[in-house]
Structure formats: C-alpha cells, structure tokens
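Chains, contacts and geometry: an overview
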Amino acid sequence: MSFALYMIGFLLFLAGLAWGASVIGIPTLYIGIGALILLGIGIFSAVGRTRSKDPS
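Cut-off values and rules
Residues numbered from 1 in each chain as written. Predicted model: local features only at pLDDT ≥ 70, side-chain atom pairs only at ≥ 80, totals over all residues. Heavy atoms only, no water. Helix = DSSP H or I, 4+ residues; strand = E, 2+ residues; numbered from the N terminus. Expected span 1.5 Å × (residues − 1). Buried < 20%, exposed > 50% of the residue type's maximum accessible area, 1.4 Å probe, protein only. Arc of directions from axis to C-beta. Contact = heavy atoms within 4.5 Å. Phe/Tyr/Trp six-rings, centres within 6.5 Å; stacked < 30°, edge-to-face > 60°.

A look at helix 1 (residues 2-23)
For helix 1, built from 22 residues, the straight-helix expectation of 32 Å at 1.5 Å per residue is met to within 8% by its first-to-last C-alpha distance of 32 Å. Among all positions of helix 1, only Met 7, Phe 10, Leu 14 and Ala 21 are buried. For helix 1, the buried positions fall inside an angular range of 70° around the axis, keeping them on one side. Facing away from the buried side of helix 1 by more than 90 degrees, the exposed set consists of Leu 5, Ile 8, Leu 12, Trp 19 and Val 23. At its buried positions, helix 1 is contacted by helix 2 (28-50). A positive backbone phi angle near 100° is found at Gly 25, which sits one or two residues after helix 1.

Focus on the packing of aromatic side chains
Scanning the model with the defined rule gives 1 aromatic pair in all. Ring geometry for Phe 10 against Phe 13: centres 6.1 Å apart, planes inclined by 50°, an arrangement best described as tilted. One end of the pair is Phe 10 and the other is Phe 13, both in helix 1 and 3 residues apart, which spans about a single turn. Judged by its relative accessible area of 15%, Phe 10 falls in the buried class.

Some thoughts on the environment of Tyr 30
Residue position: Tyr 30 is located in helix 2. A sequence separation of 12 residues divides Tyr 30 from Ala 18, and the C-alpha atoms of the two residues are 9.8 Å apart.

See below:
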C-alpha cells in the first residue's frame, strides 16, 4: 500500500512539473524525455523505500 501512495504522490509531482514546463514553452519532446527519466527514478526510489528488509 505504501508503494502505491508513494507512486501516486510522485505522479502528481511529475504531472505538475510537466504542466509547468509546458506553460513556460519547453518543447513537448523534451518534456516527454524528462518525464520518462523522472518516472524511472521514481520507480527505483519507491521500490527502494518500500521494500521490506531481510530478517537475516
């Protein structure tokens, strides 16, 4: 459940950045490339923060 909450928050953050970038006139191609890179970073960090530790 915490993974889903983390990803929802990150997607809202990413959507806000993309919207702001489009408002200031950054080309859509660059917004898409940046969004994909940030989405990958968000998935990696969400998995790292929500994965349970090994008991060993």
